[in-house]
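Spelled out from the first residue to the last, the chains are:
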Amino acid sequence: RRALNHELSKLFSDMWDMDVNRLVPGKDYTIDLQGKADVTQQGDSAVQDSAARHLFHNVNEERLKSIKTFATFISLLDNYETSTGMAEVVTPEEIIENNCFLDAILATEVMKLAHEYLLKKNLAKPNLADFKYQLYDIWFQLYARKEGDRPDSCGFEHVFVGETRRGKQILGLHNWVQFYLQEKRNQIDYKGYVTQKNKTRPHKDDQVLSIQFSWKGSVKPIGSTFIGVSPEFEFALYTVIFLLAEERVTRETVKIEEYELQMVVCRHGHHIGTAYPVLLST
């Protein structure tokens, strides 16, 4: 196990404390963990379902819609063709929506702290407009996920929306809001929680979970996700790690609240390829 990164643990814990838009478990939403998922492989179609009901028992959507960062985030979720290999078409409206979302998150204390930290490290421009342009490039610039394909992907789509490959594999989809909205439309079927060896069952108030689910006919054997956090919180964490990273794949062990996590960020050239938390212990 890699050594704890104390500097990032402190920064991310400060961001956690500042995340006023994070939803409160049991108050703003309730989850229903049900049974423990079976071990399964990527691409399996027949999977034991250990959860008959939805993971999200309820979410206060009025609250989501009343928070600018969530509202602008939700408007981005339907802008993508989830199949890899299918070229993405970005309309002028979508560019406006992307910019509205970035403006909303840049106004939050969480993103301001990320910007200040990156400035100290000489990894961001002081001017907010320049920083926004940098964020746009990292997260929204299209690229081909596979050599030779048309530009079919971007960091935002992969991490927050999810993609499918040849209808057999789920890529990304590490965001709880997208999970909830897809589950509500019966597109996602939650199969149960996943625990590491000898670990106790998670608690319904845990805000980082490992889960198994199927989406669009494919199974994700294990997907880790923050639950209830704001979009700016995830954006801030992943952006900071991405800009600090020297390698193609970076794993940073951090402690945020009671969660010990390995934050994984992969780069695709100058853009985010994927990013997600792995729960080590709580």
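Check the entry above for the structure.
First things first, this report covers the structure right here in the doc.

A word on the packing of aromatic side chains
And step 1. Summed over all chains, the structure comprises 23 aromatic pairs.
And step 2. Consider the rings of F156 and F235, whose centres lie 6.4 Å apart with planes at 50 degrees: the pair is tilted. Note that F156 is positioned in helix α7 (residues 155–161) and F235 in helix α9 (residues 231–244), a separation of 79 residues in sequence.
And step 3. Note on F235: relative accessible area 0%, which makes it buried.
And step 4. Among the aromatic residues, those joined into a ring-pair cluster are F73, F101, Y136, W139, F140, F156, F160, F235 and Y238.
And step 5. Here R22 stacks its cationic end above the ring of W16, 3.9 Å away from the centre of that ring.

Focus on the side chain of N21
And step 1. Looking at where N21 falls in the secondary structure, it is placed in the loop between α1 (6–18) and β1 (29–31).
And step 2. With near-sequence residues (within four places) excluded, N21 lies in contact with R63, I67, T69, F70, T108, S230 and E232.

Looking at the environment of L244
And step 1. Among the secondary structure elements, L244 is positioned in helix α9.
And step 2. What makes L244 partly exposed here is its relative accessible area of 27%.
And step 3. On a C-alpha basis, the gap between L244 and A51 in space is 39 Å, while along the polypeptide they are 193 residues apart.
And step 4. Ignoring anything within four residues of it in the chain, the contact list for L244 reads L8, Y117, K121 and L123.

Things to note about the pattern of salt bridges
And step 1. The full count for this structure, using the stated rule, is 12 salt bridges.
And step 2. Note that D28 is salt-bridged to K27, the shortest N-O span being 3.9 Å.
And step 3. When the shortest N-O distance is used, the salt bridge between E61 and K65 registers 3.4 Å. One end of the pair, E61, and the other, K65, are both in helix α2 (residues 61–66), four residues apart, so they sit about a helical turn from each other.

Quick notes on the nonpolar core
And step 1. The biggest cluster of nonpolar side chains holds 76 residues, and the ones touching the most others in it are M15, W139, F156 and Y238.
And step 2. The element that contributes the greatest number of residues to this core is α9, accounting for nine residues.

Some points on the state of the cysteines
And step 1. One pass over the structure, following the stated rule, counts zero disulfides.
And step 2. Looking at the unpaired C154, the closest cysteine sulfur is the one in C266, lying at 16 Å.
And step 3. Given the relative accessible area of 14%, C266 is considered buried.

Describing the environment of I188
And step 1. Structurally, the position occupied by I188 is in strand β5 (residues 188–193).
And step 2. Residues I188 and F213, spaced 25 residues apart in sequence, show a C-alpha to C-alpha distance of 6.8 Å.

Considerations on unusual backbone geometry
And step 1. Non-glycine residue N186 carries a positive phi angle of around 60 degrees.
And step 2. Classification of N186 by relative accessible area gives exposed; the value is 61%.
And step 3. We note that E257 has phi near 55 degrees; this positive angle belongs to a residue other than glycine.
And step 4. Assignment of secondary structure puts E257 in the loop between β8 (249–256) and β9 (259–268).
And step 5. On the basis of relative accessibility, which here comes to 41%, the residue E257 falls in the partly exposed class.

About the thresholds
Residues numbered from 1 in each chain as written. Predicted model: local features only at pLDDT ≥ 70, side-chain atom pairs only at ≥ 80, totals over all residues. Heavy atoms only, no water. Phe/Tyr/Trp six-rings, centres within 6.5 Å; stacked < 30°, edge-to-face > 60°. Helix = DSSP H or I, 4+ residues; strand = E, 2+ residues; numbered from the N terminus. Buried < 20%, exposed > 50% of the residue type's maximum accessible area, 1.4 Å probe, protein only. Lys NZ or Arg CZ within 6 Å of the ring centre and 35° of its normal. Contact = heavy atoms within 4.5 Å. Salt bridge = Lys/Arg side-chain N within 4 Å of Asp/Glu carboxyl O. Core = buried A, V, L, I, M, F, W, Y, C linked by side-chain atoms within 4.5 Å. Disulfide = S-S within 2.5 Å.

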